[in-house]
Amino acid sequence: MPREHTRTYYLGKLAAELELRGLTAQLRDNPPALRVSDPDTAMLVETVDCVPLSDGWFYRWSWGEIVGLADDPALAAQRIAHVLSGRLSN
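All values reported here derive from a predicted model rather than from experimental measurement. (Residues numbered from 1 in each chain as written. Predicted model: local features only at pLDDT ≥ 70, side-chain atom pairs only at ≥ 80, totals over all residues. Heavy atoms only, no water.)

Mind showing me how you'd approach the overall build of the protein here?
Scanning the protein for helices and strands turns up two helices and five strands. Along the chain direction, N to C, the helices and strands of the protein fall in the order α-β-β-β-β-β-α. Its C-alpha atoms give the protein principal-axis dimensions of about 40 × 25 × 25 Å. Residue burial in the protein is summarised as follows: out of 90 residues, 37% are buried. Here the analysis covers contacts within the protein between residues at least 6 apart in sequence; of these, 36% occur between residues at least 24 apart. (Helix = DSSP H or I, 4+ residues; strand = E, 2+ residues; numbered from the N terminus. Buried < 20%, exposed > 50% of the residue type's maximum accessible area, 1.4 Å probe, protein only. Contact = heavy atoms within 4.5 Å.)

See below:
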């Protein structure tokens, strides 16, 4: 299915960006999504998926809010890292 290949492609690009920022990103198969965590805090885990909307493909938090454009995985990774580090500091 082309749609699933596109989703997996974008998630793979995001995973690489997250790993550059010291986070762990594991691809979940069905439906494709990333399980993102900070290796120093095993209890802190977030799921990010990728969805097609009218304006293109977007990364999305588990609660449905948009993280950012899938065409800019670096910016999305920066936002995810910021949120996860913000949760750790509270």
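I keep staring at the side chain of Asp-49 and nothing clicks. Help me out?
Its location among the elements puts Asp-49 in strand 3 (residues 41-53). A relative accessible area of 17% means that Asp-49 is categorised as buried.

Sorry if this is basic, but what is going on with the nonpolar core here?
Generally speaking, a soluble globular protein has its nonpolar side chains buried in company with each other. Ranked by size, the top nonpolar core spans 22 residues in total, and within it Leu-14, Leu-18, Leu-34, Val-36, Tyr-59 and Ile-80 carry the most contacts. When contributions to this core are tallied by element, the ones reaching two or more residues are helix 1 (2-20), strand 2 (33-38), strand 3, strand 4 (56-61) and helix 2 (73-89). (Core = buried A, V, L, I, M, F, W, Y, C linked by side-chain atoms within 4.5 Å.)

Before we go on, may I ask you to explain the pairing of strand 4 in this structure?
Within a regular beta strand, the side chains point alternately toward one face of the sheet and then the other, so they alternate between its two faces. Bridging between strand 4 and strand 5 (residues 66-69) involves three bridges; their strand directions are antiparallel. Bridge pairing links Tyr-59 to Gly-68 in strand 5. Following strand 4, the chain reverses through four residues before pairing antiparallel with strand 5; Gly-64 in that reversal takes a positive phi of roughly 100 degrees. (Pairing = 2+ DSSP bridges.)

Please explain the pattern of salt bridges as it appears in this structure.
For side chains bearing opposite charge, pairing can occur when the charged atoms are close. Counted by the stated rule, this structure contains three salt bridges. For Arg-7, the salt bridge goes to Glu-4, with nearest N and O atoms at 3.3 Å. Of the two residues, Arg-7 and Glu-4 both sit in helix 1, three residues apart, roughly one turn of that helix. Residue Arg-7 is classed as buried on the basis of its relative accessible area of 11%. Notably, a salt bridge pairs Glu-17 with Arg-21, separated by 2.9 Å at the nearest N-O pair. Arg-21 gets classed as partly exposed once you look at its relative accessible area, which sits at 33%. (Salt bridge = Lys/Arg side-chain N within 4 Å of Asp/Glu carboxyl O.)

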